[in-house]
Amino acid sequence: MVTWECGGFSLWSVFGAQLICTLGGDFAYRSDGTKKDPLKIKSMSWGAEGYHLWVISGFGSQNTEIEPEPKSIVKQPGILLFQFIKSALTINPCMSNQEQVLLQGEDRLYLNCGEASQTQNPRSSSVHYKPSSLAEGGFESQSLSTLLGHRHWHVVQISSTYLETNWPIRFSTIDKLGQNIAVVGKFGFAHYSLLTKKWKLFGNITQEQNMIVTGGLAWWNDFIVLACYNISDRQEELRVYLRTSNLDNAFAHITKAQAETLLLSVFRDMVVVFRADCSICLYSIEKKSEGPNTTAGIQVLQEVSMSRYIPHPFLVVSVTLTSVSTENGITLKMPQQARDAESIMLNLAGQLIMMQRDRSGPQIREKDSNPNQRKLLPFCPPVVLAQSVENVWTTCRANKQKRHLLEALWLSCGGAGMKVWLPLFPRDHRKPHSFLSQRIMLPFHINIYPLAVLFEDALVLGAVNDTVLYDSLYTRSSAREQLEVLFPFCVVERTSQIYLHHILRQLLVRNLGEQALLLAQSCSALPYFPHVLELMLHEVLEEEATSREPIPDPLLPTVAKFITEFPLFLQTVVHCARKTEYALWNYLFAAVGNPKDLFEECLMAQDLDTAASYLIILQNMEVPTVSRQHATLLFNTALEQGKWDLCRHMIRFLKAIGSGESETPPSTPTAQEPSSSGGFEFFRNRSISLSQSADNVPASKFSLQKTLSMPSGPSGKRWSKDSDCAENMYIDMMLWRHARRLLEEVRLKDLGCFAAQLGFELISWLCKERARAARVDNFVIALKRLHKDFLWPLPIIPASSLSSPFKNGKLRTGSASLCQVGEQLLKSQSADRFLNLEIDAGLSNVQRSQSWLSNIGPTHHEIDTASSQGPQMQDAFLSPLSNKGDECSIGSATDLTESSSMVDGDWTVVDESFSTLSLTQSELEHISMELASKGPHKSQVQLRYLLHIFMEAGCLDWCIVIGLILRESSIINQILVIIQTTEVDGEMLQNIKTGLHAVDRWASADCPGYKPFLNIIKPQLQKLSEITEEQVHPEAFQPVTVGKTPEQTSPRAEESRSSSGHGSIPQGEVGGSGMVSGKEENTTRAEEEETFQDGTYDCCVS
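Residues numbered from 1 in each chain as written. Predicted model: local features only at pLDDT ≥ 70, side-chain atom pairs only at ≥ 80, totals over all residues. Heavy atoms only, no water.

*Asks:* Would you mind showing me how to read the pattern of salt bridges here?
*Replies:* If charged atoms from side chains of opposite charge come close, those side chains can pair. Counting across every chain of the model gives 22 salt bridges. Between E342 and R359 there is a salt bridge whose closest N-O contact spans 2.5 Å. Here E342, found in the loop between β23 (316-322) and β24 (343-348), pairs with R359, found in the loop between β25 (351-356) and β26 (383-386); they are 17 residues apart in sequence, far enough to count as distant. Overlapping salt bridges bring together E640, R741, E745, R747 and D750 as one network. (Salt bridge = Lys/Arg side-chain N within 4 Å of Asp/Glu carboxyl O. Helix = DSSP H or I, 4+ residues; strand = E, 2+ residues; numbered from the N terminus.)

*Asks:* Mind showing me how you'd approach the environment of P554 here?
*Replies:* Looking at the element boundaries, P554 is found in the loop between α8 (529-545) and α9 (556-563). Put simply, P554 and L541 are 13 residues apart on the chain and 9.8 Å apart in space, counted from C-alpha to C-alpha. Among all residues touching P554, those that are not within four sequence positions of it are E544 and Y587. (Contact = heavy atoms within 4.5 Å.)

*Asks:* Help me understand the nonpolar core in this model?
*Replies:* Proteins that are soluble and globular tend to have nonpolar side chains buried together. Counting 155 residues, the largest nonpolar core has W410, F562 and W958 as its most contacted members. A per-element tally of this core places helix α27 (residues 956-966) first, with nine residues. Counting residues in hydrophobic clusters, the runner-up holds 26 residues, among them I41, L53, V101 and A463. (Core = buried A, V, L, I, M, F, W, Y, C linked by side-chain atoms within 4.5 Å. Buried < 20%, exposed > 50% of the residue type's maximum accessible area, 1.4 Å probe, protein only.)

*Asks:* Looking at this model, I keep getting lost on the sheet that holds strand β21 (residues 279-290). Mind explaining?
*Replies:* By definition, the strands of a sheet pair up through backbone hydrogen bonds, in either a parallel or an antiparallel sense. With antiparallel pairing, the four strands of this open sheet are ordered in space as β19-β20-β21-β22. Looking at which strands have only one partner, the edges of the open sheet turn out to be β19 (261-267) and β22 (293-305). Averaged over all adjacent pairs, the angle separating strand axes in this sheet is 25°, with direction ignored. Note that β19 and strand β20 (residues 270-275) share six bridges and pair antiparallel. Opposite F267, over in β20, you have M270 as the bridge partner. (Pairing = 2+ DSSP bridges. Axes fitted to C-alpha atoms, helices over the stretch in contact; angles between N-to-C directions.)

*Asks:* What is the right way to read the sheet that holds strand β3 (residues 18-21) from this model?
*Replies:* Taking strand neighbours across the sheet as the criterion, the three strands line up as β1-β2-β3 in an open arrangement whose pairing is antiparallel. Each end of this open sheet is capped by a strand with a single partner; those strands are β1 (2-3) and β3. As paired elements, β1 and strand β2 (residues 9-12) share two bridges and run antiparallel to each other. Within the sheet, the bridge partner assigned to V2 lies in β2 and is S10.

*Asks:* Teacher, can you tell me more about the packing of aromatic side chains here?
*Replies:* A ring pair, where both rings are aromatic, is described by two values, the distance of the centres and the angle of the planes. All chains considered together, the criterion is met by 19 aromatic pairs. Here F202 and Y241 contribute two aromatic rings whose centre-to-centre distance is 5.9 Å and whose plane-to-plane angle is 85°, an arrangement assigned as edge-to-face. A residue pair is termed long-range when its members are at least 10 positions apart, and F202 in the loop between β14 (198-200) and α4 (205-209) and Y241 in strand β17 (residues 235-242) qualify at 39 residues. The residues F202 and Y241 share a single accessibility class, namely buried. Among the aromatic residues, ring-to-ring pairing joins W644, F754, F760 and W765 into one connected group. In this arrangement the basic side chain of K86 is found over the ring face of Y51, its NZ or CZ atom lying 4.6 Å from the centre. (Phe/Tyr/Trp six-rings, centres within 6.5 Å; stacked < 30°, edge-to-face > 60°. Lys NZ or Arg CZ within 6 Å of the ring centre and 35° of its normal.)

*Asks:* Looking at this structure, how should I read α8?
*Replies:* In an α-helix there are 3.6 residues to a turn, and that puts residues three or four apart on one side. For α8, built from 17 residues, the straight-helix expectation of 24 Å at 1.5 Å per residue is met to within 8% by its first-to-last C-alpha distance of 24 Å. Those residues of α8 that sit buried are F529, V532, L533, E534, M536, L537, V540, L541 and E544. In this structure, the buried residues of α8 make contact with β33 (489-498), α6 (500-509), α7 (513-522), α9, α10 (569-578) and α11 (585-592). (Expected span 1.5 Å × (residues − 1).)

*Asks:* Help me out: how do you make sense of unusual backbone geometry in this one?
*Replies:* Across the chain, the bulk of peptide bonds are trans and the bulk of non-glycine residues have phi less than zero. Residue P168 is bonded to the preceding W167 through a cis peptide linkage, with omega at 0°. Mapped onto the secondary structure, P168 falls in the loop between α3 (160-166) and β11 (171-174). A positive phi angle, near 55°, is found at V746, a position not held by glycine. Along the chain, V746 falls in the loop between α16 (726-744) and α17 (748-758). According to the relative accessible area criterion, V746 is buried, its value standing at 11%.

See the structure below:
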């Protein structure tokens, strides 16, 4: 503890690590920012066991500028009492497990030890202590998430019964599993179970008061090992108590000692004690079962005198038995020696002394002698490893994958930071060179005071003193300013720091790149390993790039070459660059490589998010043309892989380059967002609903449900401004090229998702490409691909029906065939009624925000209206019916079973209909097979949406293919009506005819399940064949079919709409355009219906 004449104090560790200082932060400034008058200390003294600091405050010249009444300042000396908690390592440095968190106060313990201590104590958030040194850690590497999962302490209040006569707490320890704690007070000891939440004390108070623990205590499995002084017998003893038995001397194993024990430690099945006569004694400990009682036996193995090297016994801070030696496990003569007690580590007043076993003489093979009886090897003379050592960490665990970390020796050296005595292993277990050292001492600095080391996890754990100001609770104008208000409220917080990048850097500085690579590869599975590489690169870059002196041997090229050995090289470089000043980028990429080459490597590795980050680098380091080229490559790749969120960012990026806004680079995405549409300003409000313009739709509810993917706004431009800009056309060309490739590869599902995610005007583009990319070249291949993409099963014919309903592809007259024919008709009628309900509801709820993948009506109003009113459909379906009532019931029930969006009231009708039916086995089989031939409901929704899109665009060949998959004759009828009433390209008709003949041949040869449906639509196909032969060029005047609804818009009208340019609004859409009000739309419909009913003609200009 240090104080200054002008006020304030600070607390330091023995070798200069600062723990607390009151000259800055909340200690020196009030909550309003004014500076406090520092506390002047005249005298101070530590209390018992270092838990209290007694301070007598003085007075002198006060800063009266900040005080309205100078007389209100404290003039009389005051007595202050500061409370502290400390790590168990400061008192009991030889704990068997030094990875656990254990802080001890005068009447309570603070720990965090995993699942057994998840219960939080509210007192843990009100700790008004400052640790002199704190420790925390993990008992196993797999418990890292548990140990670091939260920042709260688990507070264990020590039994008041024990504290009543044994205050204060002198020693404490915790077992390896973090489930049991033992504490030692003035007399005796007690232990606590975190599982049962119970303390266990001596039943005989006389036995407790008769022993004084002198050398600390430690856990060995379920036993407590301690060194004590027996007051009644005046004898030094070594005792072992079983945790599960009663706390009584009758159940303890007692061994007499020759001298007072000062330090005690446990290593595997051995106990090492340091005694007051400067001797070290090794004991073996083993579990014994004597009848019903279980005890542990202790036997002396070896004694070593240290009187020649130790001037006074109280100078020894810690004694530890380890497996660390100057030789690593590969060069040892016997493999098991790597796990034996090879050396004794002695901390002599800051000097770390190692004594390892002398293996220069003859060796005794382990199988020739009993391990408990064989004579242990003597120890070599001591060797000093390090100076100014405060704490030592080592482990007895073994892990072949992380030998560097587990076989190393970790040292805390106060103000000098940390040191690690790291073993060096040759690659591929080759024999090392005799002139090379097998260990190396590496120093490194960290920002926290080290309290524990997690070996496998490459973490150093510690604690910090966090402060909270509360002086606002007091008024400055009070008669007397409270003295304690000068100090903030202190809370102990846990903290951690990665040290691996420091070790890797030190190895690279010493040209030990091979060892650094072995160490890094062993830790590459850690979740924060990418951060380790980034930290190392960033620190070296900052030091060398900002150095004012020339660096003769720069380390950055070596670090860059080292990082290239890992797959995370590209991400590491770009993350480091994005977090570094722009002025240092040239120095960085001079070492790691050209950013254009790194960008191309990201594309080849399919790491698009990292490539997007490199675009920001290229935008600042290259001319806009280069940025545009690379952004185009990334945009095309993102389109191909369906990275829609990245595509939206690339569109904005390309527009920013074209509009001269490259100085404000767009944010680079780190992960693809799950949103399907909306949320970005450059394509928000891109579509219009069936009855309302998107200008009136809230931006947060942008939807493509029941929309036509048409541009919005009064001008119909694709973008909100600059529609004629070259950048917009450039982006459109890429979008068109991608859509063309999707159609050529028959990827309709990807095409629909692409149009919905990016707001692509699919209908207008299809109108342009109707005779080119939007043409079906091979109906059979398209049919197979759609079945595969939409998970739609191919239709099959049951074995029992091969001889009755559709044998050899010919329609037979019978109940089963009539069932299916009636089912097709009534399914169309039911769907028509259902769509009418959906359309009416949609007019009042146009602001529903879902994508095209959401639930929409199973078919469009325009299609089903024509299918239910067209005379060709009625002629084809009504003629073979014989029992309409039963068939209607069957059809309705089948349709409602397939539709998952029907209202609840209709389900009751279905149940009643089923209850009145008497179906034969053949009829039930056909119904079940029909249902089994349907794909997922989501796929059905998607197919019907695509059907609507292609119907609007006049791509009748694609409509035929989708109609075949859905196996709905109403779709074929609708197409036939369009062909008869409008002008259709003769080449398209010929293509449809050829494609249907190919499908018929394929069905006869490979897929007979399609034959029943092809036979049902055979009259329509014959009619289509006749139209193809007769109507090479449609007539100029053609009568309109009675019953044709006004919603049937001709593809000719679509062509005239699309001819106005990309981005124009079609005026004949179903449900009306967003530019027309609902009243005008209804008036127009009524007039058209009257005109059609009068038998007039529709004039088409050819």
